[in-house]
Amino acid sequence: MYQKPDYQTARAKAGFHWHVSGSQDALRELTGTPIREFNLNPQVCIETYRKGLPILQEMFGEDVALPGLATPHISYGHVNGLGSELIFPEGGEVAQTHIYKSLDEGIRELKKPVNYAAAGMAPFFLDFREKIKAAFPNQPVGFSWGLEGPITTAFELRGHAIFTDILDDPEKAREFLRLVTDSILDFQRFRCALDQVPAMNPKGAGMCDDIASMVAPHLWPTLVLPFWEQYFNGLTTGIISAHVEDLRSSQLQHLDTIGLSNYDPSISHKLNPEIIARECRVPFAWRLGSFHFANLDCQDVRDFVVKAAADGATSVFTCVASDMCNPESVKKVHSFIAAAKEVKTRLDQGVSREQLQREVSPRGQKKFWAHWLN
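Draft legend 1. Layout of the sheet that holds strand β6 (residues 262-264). Reading across from one edge, β4-β5-β6 is the order of the 3 strands in this open sheet, with parallel pairing throughout. The open sheet has two edge strands with one neighbour each: β4 (204-208) and β6. Put simply, the sheet's adjacent strands are angled 15° from each other on average, direction ignored. In this fold helix α12 (residues 225-233) packs onto β4 and β5 (239-243), with an angle of close to 135° to the strand it touches most, β4.

Pasting the structure below:
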């Protein structure tokens, strides 16, 4: 059984943290590398890392974490192993096909064993990884052949039909979701075996399940939470965290119920730190998205960081993407980092969040959170 936090003290113990990281997207932008070639040609991927990492480091500085060596980030490795076709368009992100025409088909197919090392494009990307390892000897190389949480995976397999499935035949939908979650755990065991690490992590486990936001709040106790519990109990005896975009305030109470130790709302246009702090007790991050930078100046960025912390966020972060690889965004990223360092130092020294609230500029008080686009 995974560990649930003591919410009386969880946020206080979490303190305040920040991070800024680079991305494969930024490396492609800085080297002029087309995404399709990066995703499908190991030598192109290798050269993108080789040329792009020094450029990114020089441009943004040492406080920005460089993206680790890894195969192309593809979230659909699991469902590809089940038979979903991957689509690699020119100039766009990878897509995938929905393969089960009914819950009955999905239930029948998910009961069949799968050799994930030999299924779909796994052999291609396993070989891809070996080529990166050969190009960068003695350096760790990640296998970004990914999986998603239960509800998102169900959507990947059934498409929009999953949203009528859960209403028309909830019992059969629950059986489908149970088998989906078993399949996710089986796929994760395959990934862990590749690197000879235990599938059951005693420290903790995370999950990405954005599509859970599209399930009505009153259905979560029977159609979301049981499968999150199944997922987490299959992966860890430690703490749990989740990235779920686009939740509503009425869904936040369920994050306490499941027992998250960390919550990443990422881009959630119906939420802000004030709402999250009020409606649940989970320590949470607050992200400044890459697209936000174009409409904010350096003072706005500083206010964003200070206001987020003042309103209860236990961390702030941003990720350097392709649309940030320009001199104007570099200045704003440095403002983000400077503000985050200052806020962490002051909170660690005992300054109250109420005091931080008074240090947000009048313009920032007005802008965040009522008058900005999240």
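Back to the write-up after that little detour.
Draft legend 2. Spotlight on the pattern of salt bridges. Summed over the entire model, instances satisfying the criterion amount to 25 salt bridges. Its salt-bridge partner being Arg302, residue Glu342 comes within 3.0 Å of it at the nearest N-O pair. Of the two residues, Glu342 sits in helix α16 (residues 327-348) while Arg302 sits in helix α15 (residues 298-310), which places them 40 residues apart along the sequence. Linking Lys344 and Asp348 is a salt bridge whose minimum nitrogen-to-oxygen distance equals 3.1 Å. With Lys344 and Asp348 both in helix α16 and 4 residues apart, this pair spans about one turn of that helix. On the basis of relative accessible area, Lys344 is assigned to the partly exposed category, the value being 24%. The structure contains a network of salt bridges with shared partners spanning Asp104, Asp169 and Lys172.

Draft legend 3. Inspection of the packing of helix α2 (residues 24-31) against helix α4 (residues 42-60) at higher detail. Interaxial distance between α2 and α4 falls to 8 Å at its minimum, and their mutual angle equals 95°. Taken together, the axes of α2 and α4 lie roughly perpendicular to each other. The segment α2 lies against α4, with Gln24, Ala26, Leu27, Arg28, Leu30 and Thr31 engaging Thr48, Tyr49, Lys51, Gly52, Leu53, Ile55, Leu56 and Met59.

Draft legend 4. Broad picture of helix α10 (residues 170-194). Spanning 25 residues, α10 covers 36 Å between terminal C-alpha atoms, matching the ideal 36 Å at 1.5 Å per step. Of the residues flanking the end of α10, it is Gln196, one or two places downstream, whose phi is positive at about 55°.

Draft legend 5. How the structure looks around the environment of Glu245. Tracing the backbone through its elements, the reader meets Glu245 in the loop between β5 and α13 (253-258). Not counting residues within four places of it along the chain, the set of residues in contact with Glu245 comprises Asp210, Ser213, Pro265, Ser266, Ile267 and Ser268. Here Ser266 takes part through its side chain, which lies 3.0 Å from a polar atom of the side chain of Glu245.

Draft legend 6. Quick peek at the sheet that holds strand β8 (residues 315-319). Ordered by their spatial adjacency, 3 strands build an open sheet running β1-β8-β7, and the pairing between neighbours is parallel. A single partner strand is all that each edge strand has here, and the edge strands are β1 (17-21) and β7 (285-287). Neighbour-to-neighbour, the strand axes of the sheet open up by a mean angle of 20°, direction not taken into account. Here α16 sits on the sheet and contacts β1 and β8; the angle it forms with β1, its principal contact strand, is near 160°.

Draft legend 7. Focus on the side chain of Asn39. One can find Asn39 in helix α3 (residues 35-40). If near-sequence neighbours (up to four positions away) are discounted, Asn39 is found in contact with Pro72, Phe88, Val94, Phe124, Phe125 and Phe128.

Draft legend 8. Region of the structure containing the nonpolar core. Counting residues in hydrophobic clusters, the biggest one holds 115 residues, and the most contacted among them are Phe176, Trp228, Leu260 and Tyr263. Top contributing element to this core by residue count: α10, with 9 residues. If sequence neighbours within four positions are ignored, Tyr263 has contacts with Ala242, Val244, Leu247, Leu252, Leu255, Leu271, Ile276, Val282, Pro283, Phe284 and Ala285.

Draft legend 9. Quick peek at helix α6 (residues 103-110). Those residues of α6 lying buried are Leu103, Glu105, Gly106, Ile107 and Leu110. Looking at the packing, one finds that the buried side of α6 touches α5 (77-82), α8 (150-158), α9 (161-168) and α10.

Draft legend 10. Just the environment of Gln349, in detail. One can find Gln349 in the loop between α16 and α17 (353-357). We classify Gln349 as exposed; its relative accessible area is 62%. With 299 residues separating them along the chain, Gln349 and Arg50 place their C-alpha atoms 41 Å apart.

Draft legend 11. Spatial organisation of the pairing of β8. Taken across its 5 residues, β8 has 5 buried, putting it largely inside the fold. Side chains Ser315, Phe317 and Cys319 project from β8 onto one buried face, and the interleaved Val316 and Thr318 project onto a second face that is buried too. The sheet contact formed by β1 and β8 spans 5 bridges and is parallel. Paired with His17 across the bridge in β8 is Ser315. Relative to β8, β7 runs parallel, the two being bridged by 3 bridges. Considered in β8, the bridge of Arg287 is made with Phe317. Chirality of the crossover, the property in question, places the unit of β7, α15 and β8 among those that are right-handed.

Reading the values: the criteria
- Residues numbered from 1 in each chain as written.
- Predicted model: local features only at pLDDT ≥ 70, side-chain atom pairs only at ≥ 80, totals over all residues.
- Heavy atoms only, no water.
- Pairing = 2+ DSSP bridges.
- Helix = DSSP H or I, 4+ residues; strand = E, 2+ residues; numbered from the N terminus.
- Axes fitted to C-alpha atoms, helices over the stretch in contact; angles between N-to-C directions.
- Contact = heavy atoms within 4.5 Å.
- Salt bridge = Lys/Arg side-chain N within 4 Å of Asp/Glu carboxyl O.
- Buried < 20%, exposed > 50% of the residue type's maximum accessible area, 1.4 Å probe, protein only.
- Parallel < 35°, antiparallel > 145°, perpendicular 65-115°, else oblique.
- Expected span 1.5 Å × (residues − 1).
- Polar contact = N/O pair within 3.5 Å; in protein donor to acceptor, adjacent residues only side chain to side chain.
- Core = buried A, V, L, I, M, F, W, Y, C linked by side-chain atoms within 4.5 Å.
- Right-handed = clockwise from strand over helix to strand, strands pointing away.

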